[in-house]
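# Structural description and commentary
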Amino acid sequence: MKEKLLEIKDEYLSFFTPAGEIKALNGVSFSMEEGEVLGIVGESGSGKSVTAYSVMGLTAFPGRLVSGTIRFNGHEIHKMTEKDFRKIRGNEVSIIFQDPMTSLNPVYTIGNQIEEVIKLHTDKTAKQAHDRARELLELVGINEPDKRLKQYPHELSGGMRQRVMIAIALACEPKLLIADEPTTALDVTIQAQILELMQELRKKLGMSIIMITHDLGVVASMCEKIAVMYAGHIVEYGTTDEVFYKPSHEYTKGLINSIPKLNTEETERLVPIEGQPVDLMNPPAGCPFAPRCSKCMKICLRQMPPKTQLSETHYSYCWLRQKEEAQKGATEE
Amino acid sequence: MSENKKLVEIEHLKQYFHARGTRGKKQYVQAVDDVSFYIYKGETLGLVGESGCGKTTVGRTMLRLYEPTEGRIIYDGKVLFDKDAGISVDMMPYRRKMQIVFQDPYASLDPRMTIGDIVGEPIDIHSLVSDKKERHDRIISLLQRVGLNSEHANRYPHEFSGGQRQRVGIARALAVDPEFIVCDEPVSALDVSIQAQVVNMFEDLQSELGLTYLFIAHDLSVVRHISNRIGVMYLGKLVELADSYELITNSLHPYTKSLISAIPVADPVTARANKRIPLAGDVPSPVNPPSGCRFRTRCPYADERCAKEVPGFKEVTSGHFAACHHLDKVK
Ligand SMILES: Nc1ncnc2c1ncn2[C@@H]1O[C@H](COP(=O)(O)OP(=O)(O)OP(=O)(O)O)[C@@H](O)[C@H]1O
Ligand SMILES: Nc1ncnc2c1ncn2[C@@H]1O[C@H](COP(=O)(O)OP(=O)(O)O)[C@@H](O)[C@H]1O
Ligand code: SF4
Ligand code: SF4
Ligand SMILES: [Mg+2]
Ligand SMILES: [Mg+2]
């Protein structure tokens, strides 16, 4: 078997706030191979960002890894301290955020900020770092790189700032790039440019990408695998085609049904998921989706459904799948 | 939809804002420039376009929350504003009929007011009830209408989710029995599953109450779903307008074509086959928009004529309008 780049096992992570314990991750497990593009989808607050940030040690206080293991690129992340994290952050794993303005420092030039990262992780001279910064801007499709290096973040458009963020993230050729809603704040035509750029760069540089988004359209075109999160659980995982064409958790089905179709002549009434998102301070016993699930059975309210393996790459956590498997088994006998 | 009765109409609407230029020079943001359209009674007209193209400004100017720089606004056959004729009527009687729902369900509700008082405020302003009991009953029935209940009336906005707050915003707009509602990105801040709940509610309210909507959003699939017709804006200009299915399947303007091709389709097979029509560069500043056609700096078909002449907004086929000099060349 190929060496795993990332392997998360049974991760429980909580935020201990004055108001109480927020159970953000409740037994998350998945792994990624080198060069793979994984999409994490789910509604706001479902734990997409926390899952990815925990790989970089960005969930510290009031967050705490309660149990579970995270292995990344030969590191035992769950045992690492802030000092260890500083060595891998921006080097082996980098991140780009939704709003590039909040992650760029307004008082330094674009050039300063890119060179800073390069100098932190390599022993390049100032001149070499400058040349590399220029090369990176060209790589992410920014024209007039010499002029841009001298400019400040507010002098660039939103799309260009996101390109700069990508340049910074790629400065040290990371093994894993985490993109947290990288295009949510951008207009569709600019979003299309950035997604295209990310795909191109991945082909060129071969890194793995975790793409966090609530937009199923973005994952459909970008990702090979999809993890669907709900209330701190990965409720379904599979290849992009498996998740879209054979959705096997009632939440995934609901998500797909609630998207309006663009090019059908008659518009059908949307099928929303009724009810409200889960309160992670008081999560329901049993299946976390039970209070909103139209197929909910008695057992769903009592007991968390176990994993049903549907193919080598596809699994979900739903009692209905368990029932189906049991029936299949019975008829086969 | 009762056919062919126009409820709202704008003609050559212009909205320029003062902008502080360099060295105190007077400059204008040409937020909306020469936009004309009408909305039939009971219809939903969708308005799409990129951030800053002037969608919100059109909506707010129609309600005269901004005083138009130029143009005419007609509501139910009555001229509310006409710059050339010097007409500018008192809006108070029309405020009741024309309402707005905002994008941000977090910022648009006063955190210190209870839900009941937020919904009750417009009732008080327009003195729609004679006593406390009537006021209370009216608030409760409004909350029920948008899928909330009486128990919610005494709570505060922070106790509600985004979707619930958006319902409160809608109840507030409905409080005065409006006929026309400008919906400014009312579902953009919501998760998809909640978005579908709110979209359905807008549709139900429309059929129950015969409402007319201007539905602004940047998500074309949502707009396509809810609208009878769609208008596309670019840098302050309306560049195309058509029946919504026609616009999606048979767009004419190069900008619309590119916009549609850029939408990430939530279907892997279609997404892989999808050919994007990339647009070079960024949207220019509305302070100094390009001469001639404002889209020319990013348009693959632009030529000299496009830099000189502003393309007129013409009816190309019945009910399908577009503003471009070279529609015959656009593929
Ligand atoms: N009160 C104002 N004063 C000055 N400029 C303004 C004002 N309101 C809007 N503008 C400018 O007018 C242009 C159009 O703005 P508008 O808010 O109508 O865009 P929009 O299409 O609604 O964008 P978004 O999708 O971001 O909501 C922008 O350039 C904006 O910065
Ligand atoms: N620093 C923090 N302090 C307290 N709670 C947090 C913090 N960061 C995240 N959370 C909570 O953890 C849960 C998961 O959050 P997140 O992963 O950001 O969701 P999303 O799926 O939207 O990315 C949410 O309930 C969120 O409020
Ligand atoms: S386990 Fe039960 S409640 Fe949960 S998604 Fe499946 S059917 Fe619905
Ligand atoms: S008028 Fe010219 S620049 Fe404008 S859209 Fe048509 S071809 Fe392009
Ligand atoms: Mg997040
Ligand atoms: Mg707006």
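If you're wondering where the values come from, they're calculated on a predicted model, not measured in any experiment.

## Quick word on the overall build of chain B
Of regular secondary structure, chain B possesses 11 helices and 13 strands. Scaling as 2.2 N^0.38, a compact globule of 331 residues should have a C-alpha radius of gyration of about 20 Å, and chain B matches this with 21 Å. With the C-alpha coordinates aligned to their principal axes, the bounding extent of chain B is approximately 70 × 55 × 50 Å. Expressed as a percentage of its 331 residues, the buried residues of chain B come to 54%. Put simply, 64% of the contacts in chain B that link residues at least 6 apart link residues at least 24 apart. Side-chain charges in chain B split into 42 positive and 42 negative, and the spacing between the mean points of these groups amounts to 5 Å.

## A look at the layout of surface pockets
Looking at the second largest pocket, its volume works out to about 860 Å³. Breaking the lining of the second largest pocket down by element, the ones donating at least two residues are helix 3 (100-103) and helix 7 (158-170) of chain A together with strand 2 (26-40) and helix 1 (55-62) of chain B. With four residues, helix 1 of chain B is the largest single contributor of residues to the lining of the second largest pocket.

## With respect to the site of ligand 1
All names here are of chain B. Around ligand 1, the surrounding shell holds 13 residues, and the nearest of these are S51, G52, K55, T56 and T57. In the environment of ligand 1, an oxygen atom lies 3.2 Å from a nitrogen or oxygen atom belonging to the backbone of C53. At 2.5 Å from an oxygen atom of ligand 1 is found a side-chain nitrogen or oxygen belonging to T56. Here ligand 1 is seated within the second largest pocket.

## Section: empty space enclosed by the protein
Residues and elements named next belong to chain B. In the structure shown here, the tally under the stated rule is four cavities of 30 Å³ or more. Grouping the amino acids of the lining of the largest cavity by side-chain chemistry returns 10 nonpolar, one polar and two charged. When its volume is computed, the second largest cavity comes out at roughly 70 Å³. In terms of lining, the second largest cavity is formed by 13 residues, of which the most central are C293, C299, C306, C324 and H325. The class makeup of the residues in the lining of the second largest cavity is nine nonpolar, three polar and one charged.

## Structural notes on the interface of chain B and chain A
If you look at the interface, chain B gives 39 residues, while chain A gives 45 residues. The junction of chain B with chain A conceals about 3,600 Å² of combined surface from both sides, 56% of it contributed by carbon and sulfur atoms. The largest per-residue losses of area from chain B upon contact with chain A belong to H225(B), P264(B) and R276(B), which jointly make up 16% of the total buried on that side. Linking chain B with chain A are three salt bridges, by the criterion used here. Across the salt bridge formed by R272(B) and D241(A), the nearest N and O atoms sit 2.7 Å from each other. Counting the contacts that link chain B with chain A gives 15 residue pairs in polar contact (both at pLDDT 80 or more).

## Examining the site of ligand 4
Near ligand 4 there are 13 residues, and of these C293(B), C299(B), C306(B), C324(B) and H325(B) occur at the shortest range. Residues that form the shell around ligand 4 fall into these classes: nine nonpolar, three polar and one charged.

## Focus on the packing of helix 8 (residues 188-205) of chain A against helix 9 (residues 254-262) of chain B
Following both chains from N to C, one finds helix 8 of chain A and helix 9 of chain B inclined at 55°, their axes separated by 8 Å at the closest point. Considering the angle they form, helix 8 of chain A stands oblique to helix 9 of chain B. Note on packing geometry: the crossing formed by helix 8 of chain A with helix 9 of chain B is left-handed. Taking contact as the criterion, the partners of V188(A), T189(A) and A192(A) in helix 8 of chain A are, on helix 9 of chain B, S258(B), L259(B) and A262(B). Residue composition of the contact of helix 8 of chain A with helix 9 of chain B, by class: four nonpolar, two polar and no charged.

## Side note on the pattern of salt bridges
Considering all chains together, one arrives at 41 salt bridges over all chains under this definition. The partner of D204(B) in a salt bridge is R269(A), and the shortest N-O contact between them spans 2.9 Å. Separated into two different chains, D204(B) in helix 6 (residues 192-209) and R269(A) in the loop between helix 11 (250-257) and helix 12 (298-302) make up a pair that spans both. Residue classification places R269(A) among the partly exposed residues on the basis of a relative accessible area of 47%.

## Details of the nonpolar core
The biggest cluster of nonpolar side chains holds 68 residues, and the ones touching the most others in it are I114(A), V164(A), I166(A), M198(A), M211(A), L216(A) and Y251(A). Counting residues per element, this core draws most heavily on helix 7 of chain A, which supplies eight residues. Leave out the neighbours within four places in its chain, and M198(A) touches I96(A), I166(A), L177(A), A179(A), P182(A), I209(A), M211(A) and M222(A). Residues L270(A), L220(B), V239(B) and F295(B) belong to the second largest nonpolar core, which totals 65 residues.

## Some words on the confidence of the model for chain B
On average, residues of chain B carry a pLDDT of 92, and 98% of them reach 70 or more. The ipTM assigned to the predicted complex is 0.84, against a pTM of 0.88.

What counts as what
- Residues numbered from 1 in each chain as written.
- Chains lettered and ligands numbered in written order.
- Predicted model: local features only at pLDDT ≥ 70, side-chain atom pairs only at ≥ 80, totals over all residues.
- Heavy atoms only, no water.
- Helix = DSSP H or I, 4+ residues; strand = E, 2+ residues; numbered from the N terminus.
- Rg over C-alpha atoms; globule rule 2.2 N^0.38 Å.
- Buried < 20%, exposed > 50% of the residue type's maximum accessible area, 1.4 Å probe, protein only.
- Contact = heavy atoms within 4.5 Å.
- Lys, Arg positive; Asp, Glu negative; His and termini not counted.
- Charge placed at Lys NZ, Arg CZ, Asp CG, Glu CD.
- 1 Å grid on protein atoms, 1.4 Å probe; cavity = no way out; pocket = protein on both sides within 12 Å on 5 of 7 lines; lining within 4 Å.
- Points joined across faces, edges and corners; volume = space filled by probe spheres on them.
- Near = heavy atom within 4 Å.
- Polar contact = N/O pair within 3.5 Å; in protein donor to acceptor, adjacent residues only side chain to side chain.
- Sits in = over half its atoms within 2 Å of the grid points.
- Nonpolar A, V, L, I, M, F, W, Y, C, P; charged D, E, K, R; others polar.
- Buried area = accessible area lost by both parts, 1.4 Å probe.
- Salt bridge = Lys/Arg side-chain N within 4 Å of Asp/Glu carboxyl O.
- Axes fitted to C-alpha atoms, helices over the stretch in contact; angles between N-to-C directions.
- Parallel < 35°, antiparallel > 145°, perpendicular 65-115°, else oblique.
- Left-handed = near helix turned anticlockwise from the far one by under 90°.
- Core = buried A, V, L, I, M, F, W, Y, C linked by side-chain atoms within 4.5 Å.
- pLDDT = per-residue confidence, 0-100.

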